[in-house]
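As a plain string of letters, each chain reads:
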Amino acid sequence: MGMQGLDVYRWVKLGLAALLLNLLLISPNHPEAVTWQALSMVAIELPLILLLLVALPTHSRFGGAVRTALVVILMVGFVLKGADFAMRMAFERHFNLITDWDLVWAGWATLLAAVGAPLALAGLVLLIGSLVLITWLLWHGLTLWLAVTPGPVAKTATYGAMVVLGVVGIVDYGQMTGRWQLENKLPIDTFASRNTARYVTDSLNTYTALQEFKLIATAQAADTGPGTLAKLKGHDVLILFVESYGRSSLQNPLYAQTQLATLKAAESQLKAQGLAMRSGWLDAPTLGGQSWLSHSTLATGMWISNQGRYRAMLGSPRNTLFHDARMAGFRTVAIMPALRMTWPDGEYFGFDRIYQSSDLGYRGEAFNWVLVPDQFALAALDRLERDQPQNNLFVQVALSSSHAPFTPVPELLSWDELGDGTVFNAMARSGDTPSVVWADADRVREQYRLAVNYSLQTVFDYVERHADRQADRLGTPADLVVVVGDHEPAPFISGNAGTNVPIHVIGPPALIDQINAWDWTPGLVPVAELPAWSMEIFRERFIEAFSQMDSPRLVTQ
């Protein structure tokens, strides 16, 4: 091959290296940015980086250090944009460097349940291998550009071009961040720099906000006096969280007909049992996952919207609704059928007893991620606690059957035939696998509809069953039951419905009359126009409604 051929080959490699660099710089961090038009964007950082490499001495240590730093910065930025992309799909927000690392493990567990270990591991190997290959190609490409040696005139022109491009980049950065306005958009973009700056500023702002939140979290709710929750004396109180049950279940046409029919049928049956109902909306601190943030927000009366706040809460002396109930003479219990191992955080919340999946007596097969069907979890609550002679119960149940991957979905059985749970085995083996379902977005939505409907049917059948049992026991008062969604599912399932979740309060009319001032909708179908409460408000208003005192004097944030 002649010298001219070698030069062409070298310029082709330099061009491919520049193309790879530009693709890394303009790679999207949001599903809506995946367009052919986006591929035509040229990052202002591209010529700046190439000119910088050309201007550096070829074999100097400083040049090598700059190349290494660029590879690290570019690859970290690329990975973080991938994390942004995943977070946008799941939670409709950016990835936060300070608070979201725990979600990596939660996402891995969900992926294992959705597609199985072989496919998940194959995907992980492919991902790591791809990142290693891209890193090697980037290193090799930057090395090629670092080896370019311009003459004196070209080097002077390089410095001048860097200054001009730097000014242009600053102008575009200011325009895109709103610091000033230009009549015409420049034909380049500083997306990569803006995105990197956002990671830095978001991290600093998050750190500052967490320090402020730690001070708030140390504010202890004042003693509420002997009348705390006195109006609930003699009644069991159940707070039942329905997984992934959001406003979309009642308003998205894909789901509304099914779920509204279930709610209306349950409303009619519960009315026939002499129970009253009120329904409203709460605004949850999360969507798509992280149910514990909603559980914590409702229990503490603080807005627990990320893992950093959750950790700050755990380190504070702040008490919870379950401490209030314990002081009022209730036995506080948590039924947590999704817990696979001991839950040390549970001690913070004030539960007298926590039942994880292995404590519930279920000997049947798992429904993929779901370890215990909702019906068995509620039956276990009766067997372990409610059928025992004891004081009043104040219970949280975190139901899980409507958790992703939504397949297979159990069927509601006769409560008397549940046994040790092996009756569910045939159902657990039925239907398509998660990998088949999750290959089709429409199938995912259909399975979601069925899973939420199963959970709602189970919950309201359980409430009706207890109304029957208590009607047979003269003098036994009815329960007060709060049924609440923990969060919306991922936006591609909910249809970007926001963060509102339904809440239903069910009980004897005398108790439901205590919340008339809330102006919630009678029955089980909340009016769409009803204003949503922020979820952290619930604790204070619940105590105010059911306590006998001048003022519960709760600290509010």
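These numbers were taken from a predicted model, which means no experiment stands behind them. (Residues numbered from 1 in each chain as written. Predicted model: local features only at pLDDT ≥ 70, side-chain atom pairs only at ≥ 80, totals over all residues. Heavy atoms only, no water.)

Draft legend 1. View of the overall build of the protein. A tally of regular secondary structure across the protein gives 21 helices and 9 strands. For the protein, buried positions account for 50% of its 557 residues. In the protein, 75% of the contacts between residues at least 6 apart in sequence involve partners at least 24 apart. Put simply, the protein shows about 25,300 Å² of open surface, and 61% of that area lies on carbon and sulfur atoms. (Helix = DSSP H or I, 4+ residues; strand = E, 2+ residues; numbered from the N terminus. Buried < 20%, exposed > 50% of the residue type's maximum accessible area, 1.4 Å probe, protein only. Contact = heavy atoms within 4.5 Å. Areas by Shrake-Rupley, 256 points an atom, 1.4 Å probe, with all protein chains shown as cover.)

Draft legend 2. Here's a closer look at the nonpolar core. Judged by nonpolar contacts, the single largest core of 106 residues is most densely connected at F394, F460, I506 and F542. Ranked by residue count, the leading element in this core is helix α18 (residues 441-471), at 10 residues. Residues contacting F460, with those up to four places away along its chain left out, are L263, A266, L270, V483, H504, I506 and L524. Among the nonpolar cores identified, the runner-up in size contains 26 residues, and I26, L70, L138 and L146 belong to it. (Core = buried A, V, L, I, M, F, W, Y, C linked by side-chain atoms within 4.5 Å.)

Draft legend 3. Just the pairing of strand β2 (residues 276-283), in detail. Most of β2 is tucked away, with 7 of its 8 residues classed as buried. Sheet topology note: the β2/strand β7 (residues 500-507) ladder contains 8 bridges and is antiparallel. Across the sheet, the residue bridging to W281 is P502, located in β7. Direction of pairing for β2 relative to strand β8 (residues 521-522): antiparallel, over a ladder of 2 bridges. Across the sheet, residue R278 finds its bridge partner in β8, namely P522. With 2 bridges joining them, β2 and strand β9 (residues 533-534) adopt parallel strand pairing. If you follow D283 over to β9, its bridge partner there is S534. (Pairing = 2+ DSSP bridges.)

Draft legend 4. Here's a closer look at the packing of helix α11 (residues 291-300) against helix α12 (residues 307-314). Remark: α11 packs on α12, axes separated minimally by 11 Å, with the N-to-C direction vectors making an angle of 45°. Relative to α12, α11 is oriented oblique. Remark: the crossing between α11 and α12 carries left-handed chirality. Across the interface between the two elements, W292, L293, S296 and T300 of α11 pack against Q307, Y310 and M313 of α12. Tallied by class, the residues present in the contact of α11 with α12 amount to 4 nonpolar, 3 polar and no charged. (Axes fitted to C-alpha atoms, helices over the stretch in contact; angles between N-to-C directions. Parallel < 35°, antiparallel > 145°, perpendicular 65-115°, else oblique. Left-handed = near helix turned anticlockwise from the far one by under 90°. Nonpolar A, V, L, I, M, F, W, Y, C, P; charged D, E, K, R; others polar.)

Draft legend 5. Quick look at the pairing of strand β3 (residues 331-336). The buried count for β3 comes to 5 of 6 residues, which makes it a mostly enclosed element. One ladder, built from 5 bridges, connects β3 with strand β5 (residues 393-398); its direction is parallel. Among the inter-strand pairings, A334 is bridged to a residue of β5, identified as Q396.

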